Amino acid sequence: MDSYFQLLHPKLVHFPIALIISAMGMQALGLFFKKDSWCKSAWIMFVLAVLSMPVVVLAGLWEAQRLHLHHPVLDMHKRFAFSAMWLSIGVLPVLWFIRHKKGFQIVFLIILIMVSMLLGLAAQQGGRMVYEYGVGVSQ
């Protein structure tokens, strides 16, 4: 059982990424086709992603510490991941209070695009750690 929890970060990280990207697509399509239910679904996906992000980031920090990882690529990976997480956490209460105001849907889509870009950059650096430097491969 202990080996299952050793590399928890790679097992969890795809959940918020998939939710954010799906929310962005659903929001864009909801705006284009004027489907409020799709925009509401995007909102729910975003909230679920934001709630899961701290768990994923903490798992990554714990694993980096446990494996004694120190590398410039890891630093960039963490920087982008923290930026995505804190942007998401920071805007969530603001979005919550303005969600019924005019212009919210466009602002929400812009936020989703920004978070998706940050997650993409974090994922790129995470992939580099695995594929170029073999982090976690020989465990």
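Residues numbered from 1 in each chain as written. Predicted model: local features only at pLDDT ≥ 70, side-chain atom pairs only at ≥ 80, totals over all residues. Heavy atoms only, no water.

## Side note on the overall build of the protein chain
To be explicit about the condition: Under the scheme used here, helices are H or I runs from DSSP no shorter than 4 residues and strands are E runs no shorter than 2 residues, and both carry numbers assigned from the N terminus. Three exposure classes are used, based on accessible area relative to the maximum for each residue type with a 1.4 Å probe and protein chains only: buried under 20%, partly exposed in between, and exposed over 50%. Any two residues whose heavy atoms approach within 4.5 Å are treated as being in contact. With residues, only the protein chains shown are counted as cover, and all accessible areas are computed by Shrake-Rupley using a 1.4 Å probe. For the purpose of counting charges, residues Lys and Arg are taken to be positive, whereas Asp and Glu are taken to be negative. His and the chain ends are not included. For the purpose of locating charges, the reference atoms are NZ of Lys, CZ of Arg, CG of Asp and CD of Glu.
Secondary structure summary: the protein chain contains 6 helices and 0 strands in total. Helices and strands in the protein chain line up, N terminus first, as α-α-α-α-α-α. Scored against the burial criterion, the 139 residues of the protein chain give a buried share of 32%. Across the protein chain, contacts joining residues at least 24 apart in sequence account for 80% of those joining residues at least 6 apart. A total accessible area of about 8600 Å² is found for the protein chain, and carbon and sulfur atoms account for 71% of it. Looking at the protein chain, you have 11 positive and 5 negative side-chain charges, and the mean spots of the two groups are 15 Å apart.

## Quick look at unusual backbone geometry
Working note: non-glycine residues mostly have negative phi, and peptide bonds are mostly trans. With phi around 55°, K34 is a residue other than glycine that occupies positive phi space. Topologically, K34 is positioned in the loop between α3 (14-33) and α4 (36-66). Residue K34 is classed as exposed on the basis of its relative accessible area, which comes to 72%. A positive phi angle is found at H68, which is not glycine, with a value near 55°.

## Description of the environment of G126
Turning to its location among the elements, G126 is positioned in helix α6 (residues 104-131). For the pair G126 and I111, spaced 15 residues apart in sequence, the C-alpha to C-alpha distance is 22 Å.

## What about the nonpolar core?
To keep it simple, the criterion reads: Grouping buried Ala, Val, Leu, Ile, Met, Phe, Trp, Tyr and Cys residues that are joined through side-chain atoms within 4.5 Å yields what is termed a nonpolar core.
Among the nonpolar cores identified, the biggest contains 23 residues, and I20, W43, F46, L95, F108 and V115 are the most heavily contacted of them. Breaking this core down by element, the ones donating at least two residues are α3, α4, α5 (72-98) and α6. With 8 residues, the top contributor of residues to this core is α4.

## Some thoughts on the packing of aromatic side chains
The test is simple: Stacked, tilted and edge-to-face are the three classes assigned to paired rings of Phe, Tyr and Trp, where Trp is represented by its six-membered ring and a pair needs centres within 6.5 Å; plane angles under 30 degrees give stacked, over 60 edge-to-face, the rest tilted.
Within this structure, the stated rule accounts for 8 aromatic pairs. Geometrically, the ring pair formed by F32 and F33 is edge-to-face, given 4.9 Å between the ring centres and 90° between the ring planes. Their ring planes at 35° and their centres at 6.1 Å tell us that W43 and F46 sit as a pair that is tilted. In this pair, W43 and F46 both sit in helix α4, 3 residues apart, roughly one turn of the helix.

## Describing α3
Here is the rule: In this scheme, a helix's expected span is set at 1.5 Å multiplied by one less than its residue total. Comment: arc refers to directions from the helix axis out to C-beta atoms.
Helix length check: α3 (20 residues) gives 28 Å between terminal C-alpha atoms against 28 Å at 1.5 Å per residue, within 8%. Looking only at α3, the buried set comprises P16, L19, I20, A23, Q27 and G30. Projected down its long axis, α3 carries its buried residues within an arc of 100°, all on one side. Along α3, the residues that are exposed and aim more than 90 degrees away from the buried face are H14 and F32. Its buried side turned inward, α3 meets α2 (8-12), α4 and α6.

## Digging into a nonpolar patch on the surface
Definition in use: The patch calculation keeps residues exceeding 30% relative accessible area without a salt bridge and links them within 9 Å when they carry like charges or within 5 Å when they are nonpolar (Val, Leu, Ile, Met, Phe, Trp, Tyr). By definition here, a salt bridge exists when the distance from a side-chain nitrogen of Lys or Arg to a carboxyl oxygen of Asp or Glu is within 4 Å.
On the surface, L29, F32, F33 and W38 cluster together into a nonpolar patch covering about 430 Å² of accessible area. The element that contributes the greatest number of residues to the nonpolar patch is α3, accounting for 3 residues. Examined against the element boundaries, L29 turns out to sit in helix α3.

## Section: the packing of α4 against α6
Basically, it comes down to this: Only the contacting stretch of a helix is used when fitting its axis, a line to C-alpha atoms as for every element, and angles between N-to-C directions run 0 to 180 degrees. An angle below 35 degrees is read as roughly parallel, one above 145 as roughly antiparallel, one from 65 to 115 as roughly perpendicular, and any other as oblique. Throughout, a crossing is termed right-handed when the near helix is turned clockwise from the far one, and left-handed when it is turned anticlockwise from it by less than a right angle. For this scheme, ten residues count as nonpolar: Ala, Val, Leu, Ile, Met, Phe, Trp, Tyr, Cys and Pro. Four count as charged, namely Asp, Glu, Lys and Arg, and the remainder, Gly too, count as polar.
Contact pair α4 / α6: the axes reach a minimum separation of 12 Å and the direction vectors enclose 40°. By the angle class used here, α4 and α6 are oblique. In this structure, α4 meets α6 at a crossing whose hand is left-handed. Taken together, the residues of α6 that come into contact with α4 (itself represented by C39, A42, W43, F46 and M53) are F104, Q105, F108, L112, V115 and L119. Looking at the contact of α4 with α6 residue by residue, the classes come out as 10 nonpolar, 1 polar and no charged.

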